[in-house]
Amino acid sequence: DSFIFLYRHGTRYPGKKTISKYFRLTDLAESLKTNKLLSDEERRAFEKWKPLEIKLDHQKYLTKEGEEELFELGKRFRNQFPHFFGSDNTSFSFKHTPTQRTNVSARKFIEGLFPHDAEKYQPLEVARDDPILRPYKGCQLWRTSVKKNPESLKEKRALIQSQHMENLINEMREMLRFDFLDFKDIELIYTMCGFETAWRHSLLNGKSTWCSLFRNENLLYCGCG
């Protein structure tokens with residue numbers, strides 16, 4: 001018998017651009033404390049909300065929640081196949097791409113899989129363009145037609161310039177009483193709704209406080225981010 005695992009890393013911090021914008025939400029949260037279009041519960045949530053302290057140097061680093069996720073996945077596999085992972089006659093090999101988030105993810109997975117002797121199994125770092133873990137990095141067609149091709153984003157630009165997006169922005173401006181709100185602001189709120197929910201930070205009804213602003217069909221399915 002044999003197993004081949006292929007995992008993404010666990011929950012991480014966003015990139016530098018998003019981190020640098022994140023703290024702009026402080027001003028918006030301040031104004032939402034008195035917004036009469038929100039419920040009392042929502043206003044109280046924005047009164048309590050504070051941005052999570054994140055350093056730019058920690059961009060895309062694995063979070064504590066991400067460590068826990070991979071540790072628990074390792075435990076789950078061991079519990080599901082105890083005889084396989086408890087055998088001394090079985091060999092194991094673990095590899096990860098050259099980033100902090102994948103390195104720590106691999107180590108936490110191993111700790112969950114082998115709770116008593118995890119130190120015996122050291123994950124190996126592969127090349128940046130490893131053909132198994134990152135096949136797209138070595139694909140010249142992907143480089144030219146997607147990564148370095150401005151036209152690969154034409155559908156996103158079309159959406160941003162569409163009447164649907166204009167209606168969405170106007171709805172958000174009216175609800176939040178922010179006349180200067182634009183697509184990038186809404187995209188930031190949407191992005192942090194997802195990240196804060198994953199971090200279990202400042203939750204309201206099990207989700208980030210910012211998720212409460214997406215309350216109708218147009219806003220909920222805007223596809224931001």
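Refer to the structure above for everything that follows.
Residues numbered from 1 in each chain as written. Predicted model: local features only at pLDDT ≥ 70, side-chain atom pairs only at ≥ 80, totals over all residues. Heavy atoms only, no water.

Chemist: Any chance you could break down unusual backbone geometry for me, citing the residues and the numbers?
Modeler: Phi at Lys 60 is positive, roughly 65 degrees, even though this residue is not glycine. By the secondary structure assignment, Lys 60 is in the loop between α3 (40-48) and α4 (64-80). Within the chain, Arg 177 stands out as a residue other than glycine whose phi angle is a positive 60 degrees. Mapped onto the elements of the fold, Arg 177 is located in the loop between α9 (163-176) and α10 (183-199). (Helix = DSSP H or I, 4+ residues; strand = E, 2+ residues; numbered from the N terminus.)

Chemist: So, α3: which residues are in play, and what are the values?
Modeler: Among all positions of α3, only Glu 42, Arg 43, Ala 45 and Phe 46 are buried. Here the buried residues of α3 occupy an arc of 155 degrees about the axis, which is enough to place them on one side. Turning to α3, the residues buried within the fold contact α2 (25-32) and β3 (203-204). (Buried < 20%, exposed > 50% of the residue type's maximum accessible area, 1.4 Å probe, protein only. Arc of directions from axis to C-beta. Contact = heavy atoms within 4.5 Å.)

Chemist: Report on the packing of aromatic side chains, specifying residues and quantitative values.
Modeler: Summed over all chains, the structure comprises 27 aromatic pairs. Judged by centre distance (6.2 Å) and plane angle (80 degrees), the ring pair of Tyr 22 and Trp 49 falls under edge-to-face. Here Trp 49 lies in the loop between α3 and α4 and Tyr 22 lies in helix α1 (residues 16-22), a separation of 27 residues in the sequence. Of the two residues examined, Tyr 22 and Trp 49, each falls in the buried class. Here a set of aromatic residues connected by ring pairs shows up, and it is made of Phe 5, Tyr 7, Phe 77, Phe 81, Phe 84, Phe 85, Phe 92, Phe 94, Phe 109, Phe 114 and Tyr 121. (Phe/Tyr/Trp six-rings, centres within 6.5 Å; stacked < 30°, edge-to-face > 60°.)

Chemist: Lay out the nonpolar core with the relevant residues and their values.
Modeler: Ranked by size, the top nonpolar core spans 31 residues in total, and within it Leu 25, Leu 32, Met 172, Leu 176, Ile 189, Trp 210 and Leu 213 carry the most contacts. Going through the elements one at a time, α1, α2, α9 and α10 are the ones with two or more residues in this core. Among the elements that make up this core, the one with the highest residue count is α10 (8 residues). Listed in part, the 11 residues of the second largest apolar core include Leu 70, Phe 85, Phe 109 and Tyr 121. (Core = buried A, V, L, I, M, F, W, Y, C linked by side-chain atoms within 4.5 Å.)

Chemist: Explain the pattern of salt bridges to me, using residue names and the numbers behind them.
Modeler: A full pass over the atoms with the stated rule returns 10 salt bridges. Between Arg 24 and Asp 185 there is a salt bridge whose closest N-O contact spans 2.6 Å. With Arg 24 in the loop between α1 and α2 and Asp 185 in helix α10, the pair connects residues that are 161 residues apart, well separated along the chain. With a relative accessible area of 13%, Asp 185 lands in the buried category. Its salt-bridge partner being Lys 156, residue Glu 187 comes within 3.5 Å of it at the nearest N-O pair. With Glu 187 in helix α10 and Lys 156 in helix α8 (residues 154-160), this residue pair connects regions lying 31 residues apart in the sequence. When its relative accessible area of 17% is taken as the criterion, Glu 187 is described as buried. (Salt bridge = Lys/Arg side-chain N within 4 Å of Asp/Glu carboxyl O.)

Chemist: Give a detailed account of the state of the cysteines, specifying residues and quantitative values.
Modeler: Scanning the entire structure with this criterion turns up 1 disulfide. The disulfide that involves Cys 193 links it to Cys 211, with 2.0 Å between the sulfurs. Residues Cys 193 and Cys 211 are joined by a disulfide whose S-S torsion is about 100 degrees; by sign, that bridge is right-handed. Placement of Cys 193 in helix α10 and of Cys 211 in the loop between β4 (207-208) and α11 (217-220) is noted, with a sequence separation of 18 residues between them. With respect to class, Cys 193 is no different from Cys 211; both count as buried. (Disulfide = S-S within 2.5 Å.)

Chemist: Outline the packing of α4 against helix α6 (residues 100-113), listing residues and values.
Modeler: Remark: α4 packs on α6, axes separated minimally by 7 Å, with the N-to-C direction vectors making an angle of 35 degrees. For α4 against α6, the interelement crossing comes out right-handed. Of the residues in α6, those in contact with Glu 67, Leu 70, Phe 71, Leu 73, Gly 74, Lys 75, Phe 77 and Arg 78 of α4 are Val 104, Ser 105, Lys 108, Phe 109, Glu 111, Gly 112 and Leu 113. (Axes fitted to C-alpha atoms, helices over the stretch in contact; angles between N-to-C directions. Left-handed = near helix turned anticlockwise from the far one by under 90°.)

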